[in-house]
Protein chains: 6
Amino acid sequence: MLKNNVMNFIGCDAAYEEADVVLFGAPFDSTTSFRPGTRFAPPAIRGDSYGLETYSPYQDRDLEGCRVFDSGDLELPFGDPSKALEQIEERTAVILKDGKIPFMIGGEHLVTLGAVRAAVKKYPDLNIIHLDAHTDLRDDYLGVSLSHACVIRRCWDILGDGRIWQFGIRSGEGKEFKWAKEGHTTLRPFDLEGIEDVVRSLAGKPVYFTVDLDVLDPSVFPGTGTPEPGGVSFTELVRAATLVCRGSRLVGCDVNELCPVYDQSGVSTAVACKVIREMLLAMGNGGKE
Amino acid sequence: MLKNNVMNFIGCDAAYEEADVVLFGAPFDSTTSFRPGTRFAPPAIRGDSYGLETYSPYQDRDLEGCRVFDSGDLELPFGDPSKALEQIEERTAVILKDGKIPFMIGGEHLVTLGAVRAAVKKYPDLNIIHLDAHTDLRDDYLGVSLSHACVIRRCWDILGDGRIWQFGIRSGEGKEFKWAKEGHTTLRPFDLEGIEDVVRSLAGKPVYFTVDLDVLDPSVFPGTGTPEPGGVSFTELVRAATLVCRGSRLVGCDVNELCPVYDQSGVSTAVACKVIREMLLAMGNGGKE
Amino acid sequence: MLKNNVMNFIGCDAAYEEADVVLFGAPFDSTTSFRPGTRFAPPAIRGDSYGLETYSPYQDRDLEGCRVFDSGDLELPFGDPSKALEQIEERTAVILKDGKIPFMIGGEHLVTLGAVRAAVKKYPDLNIIHLDAHTDLRDDYLGVSLSHACVIRRCWDILGDGRIWQFGIRSGEGKEFKWAKEGHTTLRPFDLEGIEDVVRSLAGKPVYFTVDLDVLDPSVFPGTGTPEPGGVSFTELVRAATLVCRGSRLVGCDVNELCPVYDQSGVSTAVACKVIREMLLAMGNGGKE
Amino acid sequence: MLKNNVMNFIGCDAAYEEADVVLFGAPFDSTTSFRPGTRFAPPAIRGDSYGLETYSPYQDRDLEGCRVFDSGDLELPFGDPSKALEQIEERTAVILKDGKIPFMIGGEHLVTLGAVRAAVKKYPDLNIIHLDAHTDLRDDYLGVSLSHACVIRRCWDILGDGRIWQFGIRSGEGKEFKWAKEGHTTLRPFDLEGIEDVVRSLAGKPVYFTVDLDVLDPSVFPGTGTPEPGGVSFTELVRAATLVCRGSRLVGCDVNELCPVYDQSGVSTAVACKVIREMLLAMGNGGKE
Amino acid sequence: MLKNNVMNFIGCDAAYEEADVVLFGAPFDSTTSFRPGTRFAPPAIRGDSYGLETYSPYQDRDLEGCRVFDSGDLELPFGDPSKALEQIEERTAVILKDGKIPFMIGGEHLVTLGAVRAAVKKYPDLNIIHLDAHTDLRDDYLGVSLSHACVIRRCWDILGDGRIWQFGIRSGEGKEFKWAKEGHTTLRPFDLEGIEDVVRSLAGKPVYFTVDLDVLDPSVFPGTGTPEPGGVSFTELVRAATLVCRGSRLVGCDVNELCPVYDQSGVSTAVACKVIREMLLAMGNGGKE
Amino acid sequence: MLKNNVMNFIGCDAAYEEADVVLFGAPFDSTTSFRPGTRFAPPAIRGDSYGLETYSPYQDRDLEGCRVFDSGDLELPFGDPSKALEQIEERTAVILKDGKIPFMIGGEHLVTLGAVRAAVKKYPDLNIIHLDAHTDLRDDYLGVSLSHACVIRRCWDILGDGRIWQFGIRSGEGKEFKWAKEGHTTLRPFDLEGIEDVVRSLAGKPVYFTVDLDVLDPSVFPGTGTPEPGGVSFTELVRAATLVCRGSRLVGCDVNELCPVYDQSGVSTAVACKVIREMLLAMGNGGKE
């Protein structure tokens, strides 16, 4: 008898019960302010993950040895951010309740808020490590408070001062940078320097890790809504992400803002796939003892 | 002294006071269910209109002889359809109040609702002639009622039975077709046959004309969110649109659903430009007596 | 507990046991002579099928009422056509053995040979109805006999004279047209005229139906390896395909030669999806009595 | 000993001495008013001609039986239209002097002027049959008289009234259409009706045939500088071009305005290739007696 | 009453009278030797500038605090470089006469000559700082002396030895490099080293600054006519350009050679926007005391 | 009399007899496992080489002073790797027999095997220097042993241990890396460090040099079948390749895996052209004494 056509991220074939990490896609982009299209990232990433190897020479680990379940994509209502965030929160909560780590693939960056809402209910002392080109600290964007340009500000509404660590930031309004400097978040502009210290300082505390892929230089990651030249290299991102995923008490994470239509070479999708692979390998043990 | 860089649709250089028709863009696409990006249509159309002539051999008229003002684009809040519709309604109302005909360039099809709300306040006996590949008659789409897939249903909520005339429809759910057939709208599937009769039957009654460009076959109009093969030809559309614009008591109109990123040949934008030119020429007198 | 990410063609969610028709993909393109890339068609078709409705106003039928199982894609060895054909034959044989109709999505046209080999074993009196821009009747291509340019000739090796009915053909070598005329196949050039008569004449006989989508005009189907202007329209193809699928004793079929990378508008994929939907609806009863 | 890499249009491998027709490319586009890039048409056409067959089922003729020499491309100075036209005139004159028919592949439409200048020196009673979307009858364009938008007007400067026959025209300024109507040229708008009569009426007189491929509908020919929806079909163009090439005393011809970068599907290049093949076949005897 | 649709580069909304800097576009590319299309850069840059912030964390300055007027684009005659240069010279002269700094957006690099001609009339001791991948020092290109490949040579015709400072050069003919070394210009190959010293050495002298964006590595700036791998990074360019704009007695500048059609990701346009923003901020005081 | 249209890589116009190096294209990609299309690389490279200068400021050499013959492309049978390899071996053998250095342009990487087979017959003590992102050391790929993923393993079958030097490798299965480490090849992961030492250690021994261009970072070389972020820079590759070509006893080389369709900016092709130019210059004396 022929079998169903199950589509997972490469090497993520564990049964749900035995999985340590659970992938899901959040294909939502209704609040994108410049160029929409991140909704197509999760299936593109799954599809092109088959151009990858499961083995990483960076970490000498293999996805075959990890225990990851891919639960597919949510079906989110375009044009209604509140409802979309509720569904994301619900899925995240289920995964957390079952003692697993949720790994969300966006979608625009607003989706992070849904996951953080669920995570903070289980881990009230949650910290966020945030890699991005943009501050995402506006209080509203054209009068809308549930916007991808406000997502970290909305997380701050929940977590308060001193719990958010931003890296790679190179774009925003002057007043956002000022607001951050007033002590609301710790913002490292332009690069990822100091992330090792932050990881160390958060040892033992629950960490949610959110990677807006536009932190990368658009030379290697053109496929995103708002490309910002002057970003970090693929190697720098992988090093930092590996560090966070291995060194932190990670309780959830996401990778977002791939917009495949703007990169017809497929390189951006390949980059996203490899970042996700390295994060998964760093979270699991990848066949190592 | 150097002048400001004013960007109008070609030939639409009348002063506001003297204009008969007022163009504006409604760059909104937050509820698009498949491929977003229509927000970039209005500037693309203005830019590529300079590849057009102002003269039409189809009608032997020239935009130079028409009186059209281009009032630019609204700045609409992504992710908040209600607020976006309010702003559209407000702009439309101003134009109507000043005794001019509003001509809106979308954006996704939901924007029509804002314009219709304003029009029906001035013309309670409003009729809608609707060209589209899709029924747009769902009551909700994934739980959202303000969706591009529901826009004609929302117009029906206001207008009621017997006031909406649909042409070219070739996609929808079975129950939408059924609902239309129950007498709520008059739906002509696949082509534009009979539009002349409808125009005649509506003589003297106020008509709002909404053109979803995906009524065209995607061979000539690939740049749209949800392409539907089997559509009408450019010549058929121009003939029908000219007929409506000349023969009706037109009180408002829109052209929507161009999504430029999906047609890098620029043909779809050229098509949109020419449809708009022909409609403007048919509405004005184009230098003729 | 979260569920696996099953990816089917829209509306093809029947269980294998209850299914009448079984879809599978044959992502193979090693012998493509001009522009390769059809291997990416099956996942592209599944993905974009969600831009479709399950309901067809052409046939007033709905996929929800059909019983189709999607068994996913074969993993075929690039560079080894013999081995690839064996795997295709094997999958087809399983489906036939279970009393179901195999519906293969290519891939290049050579894949048809694998399915025909299996079908002819069960139905020795098999006939083939073949829609294509190309004759595909070469005896070899650059010395290779298992080539997409030879596939119908290879089928003829098995079936012999008078069993192959070709339509829409507008490209080939002079000697191929001559060879056909010698009575080996019945070849209708340029269009699909007479297909109704052929269907009628084959009443009761087992028919394999193979649709090379490049039979379509490249205006509406640019995404193919060897585009040939002068083809049939979408409406003509759908009408003919519906006719064959309803009127014949269909024992297997395929749709092939979509090459998504050459059509970044997605229209070609949308066309393929809709052709497949209409064929599935014509084969099933789509909720009708 | 290995041979040089000679690149000809497919099947055009005759020696110069024995050739009846001589191809050459005129890769020039400095005066293009909208979207430049036709300079890349000649090599694109040669390259993709290998996706064609040499045999045409339309005419049942084969390029193998024709005698065509491909003399490659001129190296034209961008930014200096006068000098470019001189070089084109010179190449055309050589071919004419040797008793062969020049077949030029543009480039933008201005290149026609160079060839016509040479042709009229040999054939003072020259007539021009002109297929195009655009009038090309402006006296100047932004003050430039050697512009692609003026090319037929420049030819008229040489030939005078009653010698130019235009077909398919659907774009231009009102005064251009008026000027034509005053008897300067014979202009058939929108389609190719009546071309058979013109060919017949010119029997025995020398004819130069210039095909601006944008006469085609952009659905099948998007790859051009100024796409104009509402054009003729591929089949209509091939029929008309075959008619002219067979029925006239053809002394020179060109095919121009393919701009490959605007059609990444390659269909426009395939169309250009096939139009050229059909014209070459109609001019030669293609293996027929 | 509704307002006109004024399109400026983001944040450049000063009135002409109060402006320190005046932007204008020079959409001309008739002499481009490889891939044309830079004519579309000025509107693309204005349009995508709205994806930028007005604030720069690099300089901690904001365009809101600068005084820049955007005077739109010249309408230049394609195919007539002399006339185009005259119009550019004229616009530049007006701006200079009014005591403002002209900031031109190309177009191809030849446009610089028009601006330099105007600048040298006001400032006979003008120096040029030139960033580029190419020498641009040919005396002619295929017999044409007004060519983008000759522009710096033409400037040298006016300025003479020792007044032109070239950086980042990595492509040209051997004899161009030799000619430069003979003392005609100061040419720094490959990178931007030593620009600080040059700026210092020119203190007080009038400087025209011309940036051919192809000095950048094509990884981050693929959208240009002649991409040359091995270029400088975005950060290096911004640092150098900021240094020149702050440290020099700048009397005019331009940014040229963006060719948007060759980068459908939009990254090249985003890069151009950000380079222009940083230059404008460095020239003004951006809200700082 | 007009001449034939000979198409060479720029500056490679020597007669065969006098040439030191002979270029040829091997347009084959039937075993490509992810995205095919490298068959189109050789003509794309020739065409775009005319955007290059023949002079290199990196080496201060000029192709005009080198003696290179371009023998065009093989016509290889798609779908039959054995036969394709035979033809490649044959062409390579002819060139070697005539005392010249073969320089092959792929195609996929499998083509290297054909050239190596010929080279090892003449030079039994052959060594291979291999630059690549991928190990290419699988014993088979989906059961196929003649696959691009196995090509270096197939070379090892011939050469045995200690004769293959791999650089830049960052992707492969765990067991491939392990197999290499067992002493079969010398594998330098991630970068090109140590290549100078290898060149020195191989002094006097015959070296075949194979460059899979995907060793480059996809930021500058997106146009390839399987892009792997984290690669080397253009400058690093040119430096290493120059070093190998100058310092080794080079008996043959190839550059492969450009897939033009995946980089519509043309940058990847420009990169390939420049790498080839630098290699040719380093092999010849480029006008130097």
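Everything quoted here is computed from the prediction, not taken from an experiment.

Here's the deal with the overall build of chain A
Right, on to step 1. Secondary structure summary: chain A contains 8 helices and 10 strands in total.
Right, on to step 2. Relative to its length of 289 residues, chain A is compact, with a C-alpha radius of gyration of 17 Å against a globular reference of 19 Å.
Right, on to step 3. Taken along the three principal axes of its C-alpha coordinates, chain A extends 60 × 40 × 35 Å.
Right, on to step 4. Here chain A, with 289 residues, has 70% of them falling under the buried criterion.

Remarks on the packing of aromatic side chains
Right, on to step 1. Summed over the entire model, instances satisfying the criterion amount to 36 aromatic pairs over all chains.
Right, on to step 2. Plain terms: the ring middles of tryptophan 156 of chain E and tryptophan 179 of chain E are 4.8 Å apart, the flat faces sit at 80 degrees to each other, and that makes the pair edge-to-face. Highlighted residues: tryptophan 156 of chain E in helix H4 (residues 151–159) and tryptophan 179 of chain E in helix H5 (residues 174–184), separated in sequence by 23 residues.
Right, on to step 3. Relative accessible area serves as the criterion here: at 11%, tryptophan 179 of chain E is assigned to the buried category.
Right, on to step 4. Where tyrosine 16 of chain F meets phenylalanine 69 of chain F, the ring centres are 5.3 Å apart and the plane angle is 75 degrees; that geometry is what we call edge-to-face. Note that tyrosine 16 of chain F is positioned in the segment before strand S1 (21–26) and phenylalanine 69 of chain F in strand S4 (residues 68–73), a separation of 53 residues in sequence. Comparing tyrosine 16 of chain F with phenylalanine 69 of chain F, the two get one shared label, buried.

Focus: the relation of the copies chain F and chain C
Right, on to step 1. Once turned by 180 degrees and shifted 0.0 Å along the axis, chain F lies on chain C with an RMSD of 0.0 Å. When the rotation and shift are considered jointly, the pair of chain copies conforms to a two-fold rotation axis. Closest to the rotation axis within chain F is the C-alpha of serine 30 of chain F, separated from it by 2.3 Å.
Right, on to step 2. Of all interface residues in chain F, 100% are interface residues in chain C too; the two copies therefore contact each other through one and the same surface.

Describing the confidence of the model for chain A
Right, on to step 1. For chain A, the average pLDDT comes to 96, and 98% of its residues sit at 70 or higher.
Right, on to step 2. Overall fold confidence (pTM) sits at 0.97, and the ipTM for the predicted complex is 0.96.

Side note on the nonpolar core
Residues and elements named next belong to chain D.
Right, on to step 1. Counting residues in each nonpolar core, the largest one holds 54 residues, and the members touching the most others are Phe9, Phe103, Ile129, Phe209, Leu213 and Met279.
Right, on to step 2. It is helix H8 (residues 267–283) that provides the largest number of residues to this core, a total of 11 residues.
Right, on to step 3. Discounting chain neighbours no more than four positions away, the residues touching leucine 213 are Phe221, Leu237, Val255, Asn256, Leu258, Ala272 and Val275.

Notes on the relation of the copies chain B and chain A
Right, on to step 1. Overlay of chain B on chain A (RMSD 0.0 Å): rotation 180 degrees, translation along the axis 0.0 Å.
Right, on to step 2. By residue overlap, the copies meet face to face through one surface: 100% of the interface positions of chain B are interface positions in chain A.

Looking at the pairing of strand S1 (residues 21–26) of chain A
Residues and elements named next belong to chain A.
Right, on to step 1. Buried residues dominate S1, accounting for 6 of its 6 residues.
Right, on to step 2. As paired strands, S1 and strand S5 (residues 101–106) are joined by 6 bridges and run parallel to one another. Bridge pairing links phenylalanine 24 to methionine 104 in S5.
Right, on to step 3. Pairing between S1 and strand S4 (residues 68–73): 4 bridges, direction parallel. Bridged to leucine 23 within S4 is aspartate 70.

Considerations on helix H8 (residues 267–283) of chain E
Count 3.6 residues to each turn of an α-helix, and residues three or four apart come out pointing the same way.
Right, on to step 1. The end-to-end C-alpha separation of H8 of chain E is 24 Å, in line with the 24 Å expected for 17 residues at 1.5 Å each.
Right, on to step 2. The buried count for H8 of chain E comes to 17 of 17 residues, which makes it a mostly enclosed element.

What counts and what doesn't
Per chain, residue numbering runs from 1 following the sequence as it is written. As a convention, the first chain written is A and the first ligand written is 1, with the rest following in written order. It should be noted that, the model being predicted, local features are given only for residues of pLDDT at least 70 and side-chain atom pairs only at 80 or more, the latter also being counted only at that level, while totals for whole chains, interfaces and linings use all residues. Here the side-chain values reflect all heavy atoms present in the structure, with hydrogen atoms and water set aside. Numbered from the N terminus, helices here are DSSP runs of H or I no shorter than four residues, and strands are runs of E no shorter than two. Note that the radius of gyration is over C-alpha atoms, with the globule rule given as 2.2 Å times the number of residues to the power 0.38. The buried label goes to any residue with under 20% of its type's maximum accessible area, the exposed label to any with over 50%, and the partly exposed label to all in between, with areas taken from a 1.4 Å probe on protein chains only. Any pair of Phe, Tyr and Trp rings, taking the six-membered ring for Trp, is counted once the centres come within 6.5 Å. Such a pair is stacked with planes under 30 degrees apart, edge-to-face with planes over 60 apart, and tilted for the rest. Alignment of the copies relies on least squares applied to C-alpha atoms, considering only residues that score at least 70 for pLDDT in both. By the convention used here, residues are in contact when the closest approach between their heavy atoms is within 4.5 Å. Per residue, pLDDT captures the predictor's confidence, and it can take any value from 0 to 100. Working definition of a nonpolar core: buried Ala, Val, Leu, Ile, Met, Phe, Trp, Tyr and Cys residues. They are joined through side-chain atoms within 4.5 Å. Strands are treated as partners if at least two bridges between them are detected by DSSP. The length a helix should cover is 1.5 Å for every residue beyond the first.

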